[in-house]
Structure formats: structure tokens, C-alpha cells
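# Examining the three-dimensional arrangement
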Amino acid sequence: MKTRTFKLIFPVMIMAIMSLSGCALSQMIKASKDQGLTVEPNPLEVHADTVSFEMTAKLPTNLLKPKKVYTLNTYYRYGTQEVQLKSIEFRADDYTGNEQPTVTESFSFPYNDAMRRGNIEIQGVASNPKNGANKTSDRLAIAEGVITTSKLVEPSYAASYADHGYNDQEELIPTNVEFFFDQGRSVFKSSEKSSDRGERFAAFIAEKNVTRTVTITGTHSPEGKETFNSELSQERADAIEKWYREQMDKYDYQGMADEIRFILKPIVEDWTDLKAMLAKYNGISASEKSEWTRIINGTGSFEQKEKQLQKLSTYKKVFTDIYPQLRTAKTEVLTVKEKKSPEEIATLALAIARGSQSADALSVEELAYAAAKNPSLEEKKMILEAAAKKNDTWVIHNNLGAVHLELAKQTSGSTQRNHVSTALNHFNISNQKKANVEAQANMGMALAMQNNLWGAHDALTKAAGMNPGNTVRQNINGTKGYVEIKVGDYAAALSSLNGAGNTTANQFNKGLTQLLSKDFSRAQSTLEGVISSDRGFVKAHYAAAVAAARQDNENKVIQHLKNAIGADASMKEKAMNDLEFRAFTGTQAFMDLMK
């Protein structure tokens, strides 16, 4: 009988314990209806392809029971799908007296476009760890999602071309000759005219090169007979000009002579040439040269210094070896370098690219110049490919890669990916041949187009440190700002965009960054500036409507949405479902606009 009694009592005790446990769990679930749950931000927002938020849970002081656990399970539910987020556990032992159980927890989950509309849901679970019993509350939606304004960011890519190296401006080629005169005289001697110098110069004049200036510098040596005649330098220059004009008449320059400007520069009482010749002269010692230098650089007039020099033991030697070289007329003729016309270069470049003309017809620089001037990306690419076959310089590889970048901007899918991959290959080769800021900047842009955002940022930051020119620097900052918006670093993005080029994309991204940084007034001003310069830019109208909504300005919301929808009808559905405008969906003006 005792045994039977024991077996009967034991199940009854277990059932009683379980009944008491279940009662406690039910009480916990019932009390959970009074829990306080707040989410920040609400609605949820996506930044850098991630939705992040904080949830604060405040439980009633009577909810937790000894040796029981209360768990808050969190979900993001969208459509028929959901993402389970981390759970928060509460235990009575963690709190004392009448302390209110409170926890603030951070959550995040990766975003995709299907998640644009959904809710944060929580579900409470009261459980007994000893026997596994539990009670579950109904799910409760506590926050909406997702605001996607950060996704409005506009790509900003500007290919940087290296200088082609060809000078298409007029270039002047100097031709120099020096004629010598007898001491104290300005007669242009026959021996000078018939010398090798004279004959070569006469032959040069006979070629009738297009000439801009003839500069004749007449000089004298510093001895008395030379300095006594203050007109000697001028007369020597005049003598050369007279002979030059005779040669032009001889070779029938006619009107060409009128286009030539003669510049006569008489040099009087100047020690410069003597000091230069003394420095190179080996006929006297260094200490003897010092005696000359001391007198020349000392005090006194030109004549006084000359008299002091005449007392030096080395004067006669220097007079014999150097002074005759100072009695000259130095002539420099600047003639125009002969070049092909831009039209001729363009025609030859295309012929070379198509294989109907020898590559020898143009230099690599001329080919690069023709490519730079050609508005067709396909023809530009063909010309640069021909240039690469002739001489694959770092410039050619960078510029060829830049063309592929521009072609990538005009395409999509596999074609775009192939252009970007080819561009990166050229930029790597360009950098291997010579580290250069253009290829480094372009590499950052190509990586951004591949959505390799941090790789792009590293490449662009390196390029920014390579002392780029103004245009390249602006290109770097524009793309860098775009990347920084994509990764959610709005302070850095604003700094970059302040130094970017004044393009529609860059100005729009600046306004968007101000909006995302909660600087709504400045954002409104910047975006309306974009609209005034490009009224067809739909994103600017839409983002300006968002900025107005953040400032509770219904008139501007309706105005900008009307313009956006007028330019692109798909904006109506976007606005209807955009939580940015949740405060206005019930107003008559908004409903009229959405009809």
C-alpha cells in the first residue's frame, strides 16, 4: 500500500509544480502588455546598405519572476519574409527591489530593395529554464521601415586624361650666331661674312623661314679704345641688321620682311660677359682670377676699374685671349616651327588607326593630340590603340583606360564590366611605367564603378596625396564624395564635395549630404540651386521635396513633388510609398497630387 501511495502522490506533485510554473509564465506574458518599447530612428533608415537602430525596452517592475527568464525576440518583417534579429534576455536576479528592468540595445541588418516597406516586430517569451516550459506573447509591430533617401546618391565619375605632350601653339626656334669686330671698329668684315658662321647664316636666311624677331646684341670689350666710343655697341648691331636686310632683299623676301621685328640691344659698360669668360678661362691661376674679380666687383667707375686691371701682370694675356671675343654682335633669330595643321593631324590619325596610313606619318604625341581632340569615344579609342602599338607610354595607357571608363558610363551589364576591367588593366600598366596621379585617380573611379567602395576610397586618397592639378583634384573629390556617401561617412563626404568640380552630380550630392546630415535649410538651398541650373534633373526635385518635408513645409513638398512627377511619372508611386512624406499623406493637397 505504501508503494502505491507514493506512486500516486509523485505525479500529482509534478503537475502542481508545472501548474504553478505555468501560472507564473502566464502572469509574465500578461504583464508584458505594459512594457515600454521605443525605437530610434523611427521610421528606420538605411545608410551604407545597412539599417541600424536602437531599441529601448522598459519592463513593468512586476513582470520578472524568480528563476524565470523573459526574452524579447526581434524581427524585421517585410512582405512574406522576415529577418530574425538578436534577442534580449531579462532575469529577475539582475535587478534589485523596485528597480525597473531597462535595456537599450543596438541592432543592424543588411538592406536590400525588397525591404523598403516593413515593420520591426517584437515577441515576448516567458520561460522556465528548468523544465523548458514557456509562454509566448502575440507579435507587436513597434517601428516602420525603411527610409531610403541615402539611395538617391548620384554617381560621379570624371575620367582624368594625361597631357598628350603635343604643343599645338606656335613655337619659336632660336638660331644663334656671333660675329666679331676689330678693336674699336663697327665694320662688318668680309672675313666674317665668308666664314663658316657667315655662310651658314646666309644659307639660313635663304631658306626664308617664317621669322618673328631678329635680336642683335652689340657689345664691346672693356679697354679704353672700346669704351671711349659710347656708340660702338649700337653701331655693331646696326651693321648686322643692315647685312641681314641685304640678304632678305637678295632672296626676295618681299612682304615677309615687313613681318620681322628687329630688336637692337647695345650693351655698354657691362662686365657680365667678361666675368663669365674668366670663370671658364684656364690661362691664369685661380688666385690671379681672384685679383680680376676683386677689381671688377669693387668700387669705382667702369674706366677706373679698367685702369686698375691694366696694372695686373696677367692683363696682356687676358687682353689677347678674351677681349677679342667681347667685341661682338650676337644675333638670335626666332623662326616659327613648321607644323601640321590640326585638321591634317586628325585625318592622318584616323588613317593610321584604320591601317591605311603608316604610323610613321605622326609622332606618338601627335596621335595622342588627335585622340584628345576627337569627340567620338570609339575613334578616340582606335587612335590611342594605334599609338600604343607605336610606343606604349604611360600617357597612352592612362588615356586609353580613361576612354574605356567613359564608355563604361554609357553602357551597362557585362559590356560595362568589360570596359571597367580593361580600364583597370591600362591604369595598372600606366602606373607600372610611371607612377602618375591621373592613372591613380582613374583607378579609384574604376573601383567605385565595380562597387569596391573601400578599395576606391584608398586609391582616391592616395591620388589626392600626389599633388594633382586642379582639374584632377576636383575629379578625385567628386568621386571620393560619392563613395563616402555610399559608405555613410557624411562629414567626410561634405568635405570632399566642397572641393569637387561644380557639376550637377557633385552639387546634388552635396545637397543630399547636407540633408542626410540633418542640415535641412542648407540642403534645401543647395538642391534648389541645382534645380535652377538643371531643371530636368528629377532627383534634385525629389530630394528638395524631402528636405521640405523634414522642415514641415507642405507647400514646397507639393511644389517639388509636382515638378518631379511631371518630369518622371514613376516618381508618383515612389512618393506614395516613401515614409519621408508620411506626415502629408492625409492632406488634401498630397492626395490631389497622387490622384
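Higher on the page you've got the structure.
Presented here is an overview of the structure given in this document. (Residues numbered from 1 in each chain as written. Predicted model: local features only at pLDDT ≥ 70, side-chain atom pairs only at ≥ 80, totals over all residues. Heavy atoms only, no water.)

### Re the overall build of the protein
Helices and strands together make up the secondary structure of the protein, namely 25 helices and 14 strands. Along the three orthogonal principal directions, the C-alpha set of the protein runs to about 155 × 60 × 50 Å. Within the protein, buried positions represent 45% of all 595 residues. Of all intrachain contacts in the protein linking residues separated by at least 6 positions in sequence, the fraction that spans at least 24 positions is 67%. Split by element, the accessible area of the protein, about 30,400 Å² in all, is 48% carbon and sulfur. Taking the average place of the 72 positive charges on the side chains of the protein and the average place of its 71 negative ones, the gap between the two points comes to 9 Å. (Helix = DSSP H or I, 4+ residues; strand = E, 2+ residues; numbered from the N terminus. Buried < 20%, exposed > 50% of the residue type's maximum accessible area, 1.4 Å probe, protein only. Contact = heavy atoms within 4.5 Å. Areas by Shrake-Rupley, 256 points an atom, 1.4 Å probe, with all protein chains shown as cover. Lys, Arg positive; Asp, Glu negative; His and termini not counted. Charge placed at Lys NZ, Arg CZ, Asp CG, Glu CD.)

### Observations regarding the packing of aromatic side chains
A ring pair, where both rings are aromatic, is described by two values, the distance of the centres and the angle of the planes. Per the stated rule, a full pass over the model turns up 23 aromatic pairs. Where Tyr-76 meets Phe-109, the ring centres are 4.9 Å apart and the plane angle is 25°; that geometry is what we call stacked. You can see Tyr-76 sitting in strand E4 (residues 69–78) and its partner Phe-109 sitting in strand E7 (residues 102–110), a full 33 residues away along the chain. For the pair shown, Tyr-76 and Phe-109 are each scored as buried. Here Tyr-157 and Tyr-482 contribute two aromatic rings whose centre-to-centre distance is 5.7 Å and whose plane-to-plane angle is 85°, an arrangement assigned as edge-to-face. One end of the pair, Tyr-157, is in the loop between strand E10 (140–145) and strand E11 (172–180); the other, Tyr-482, is in helix H18 (residues 470–486), and 325 residues separate them in sequence. (Phe/Tyr/Trp six-rings, centres within 6.5 Å; stacked < 30°, edge-to-face > 60°.)

### Focus on the sheet that holds strand E14 (residues 328–336)
The strand order across the open sheet built from four strands is E11-E14-E12-E13, with neighbouring strands paired in mixed fashion. Every interior strand has two partners, whereas the edge strands, E11 and strand E13 (261–266), have only one. Each adjacent strand pair in this sheet contributes to an overall mean axis angle of 15°, direction not counted. Of the pairings in the sheet, the one linking E11 to E14 comprises nine bridges and is antiparallel in character. By the bridge assignment for E14, Asn-176 is matched with Glu-332. (Pairing = 2+ DSSP bridges. Axes fitted to C-alpha atoms, helices over the stretch in contact; angles between N-to-C directions.)

### What to know about the pairing of strand E3 (residues 50–58)
Summarising the sheet, strand E1 (residues 36–40) and E3 pair through five bridges and their orientation is antiparallel. Note on E3: the bridge partner recorded for Glu-40 is Glu-54. Where strand E2 (residues 46–47) meets E3, two bridges bridge the pair, whose relative direction is antiparallel. Each bridged residue has a counterpart across the sheet, and for His-47 the counterpart in E3 is Thr-50. As consecutive antiparallel partners, E2 and E3 are separated by two residues, and within that stretch Ala-48 has a phi angle of approximately 55°, a positive value.

### A closer look at the packing of helix H12 (residues 364–373) against helix H13 (residues 377–390)
Packed helices, taken two at a time, are described by their axes: the angle between them and the distance between them. Packing of H12 against H13 brings their axes to within 8 Å, and their N-to-C directions diverge by 165°. Between H12 and H13, the interaxial angle falls into the category roughly antiparallel. Where H12 crosses over H13, the handedness of that crossing is left-handed. On H13, the residues that touch Val-364, Leu-367, Ala-368, Ala-370, Ala-371 and Ala-372 of H12 are Lys-380, Ile-383, Leu-384, Ala-387 and Lys-390. Here the residues of the contact of H12 with H13 sort into nine nonpolar, no polar and two charged. (Parallel < 35°, antiparallel > 145°, perpendicular 65-115°, else oblique. Left-handed = near helix turned anticlockwise from the far one by under 90°. Nonpolar A, V, L, I, M, F, W, Y, C, P; charged D, E, K, R; others polar.)

### Here's the deal with the nonpolar core
By size, the foremost hydrophobic cluster in this structure holds 61 residues, and its most contacted members are Leu-405, Phe-508, Tyr-542, Leu-561 and Phe-581. For Leu-561, the residues in contact, after removing those within four places along its chain, are Tyr-542, Ala-545, Ala-575, Phe-581, Phe-590, Leu-593 and Met-594. In terms of nonpolar packing, the next biggest core, distinct from the first, is built from 34 residues, Ile-29, Leu-59, Val-103 and Phe-109 among them. (Core = buried A, V, L, I, M, F, W, Y, C linked by side-chain atoms within 4.5 Å.)

### Some words on helix H19 (residues 490–498)
Along an α-helix, residues three or four apart share an orientation, since each turn contains 3.6 residues. Among the residues of H19, those classed as buried are Tyr-490, Ala-493, Ser-496 and Leu-497. Buried positions in H19, seen along its axis, are confined to an arc of 120° and lie on one side of it. Turned more than 90 degrees away from the buried face of H19, the exposed residues are Ala-491, Ser-495 and Asn-498. Each element contacted by the buried residues of H19 is listed here: E2, H18 and helix H20 (504–516). (Arc of directions from axis to C-beta.)

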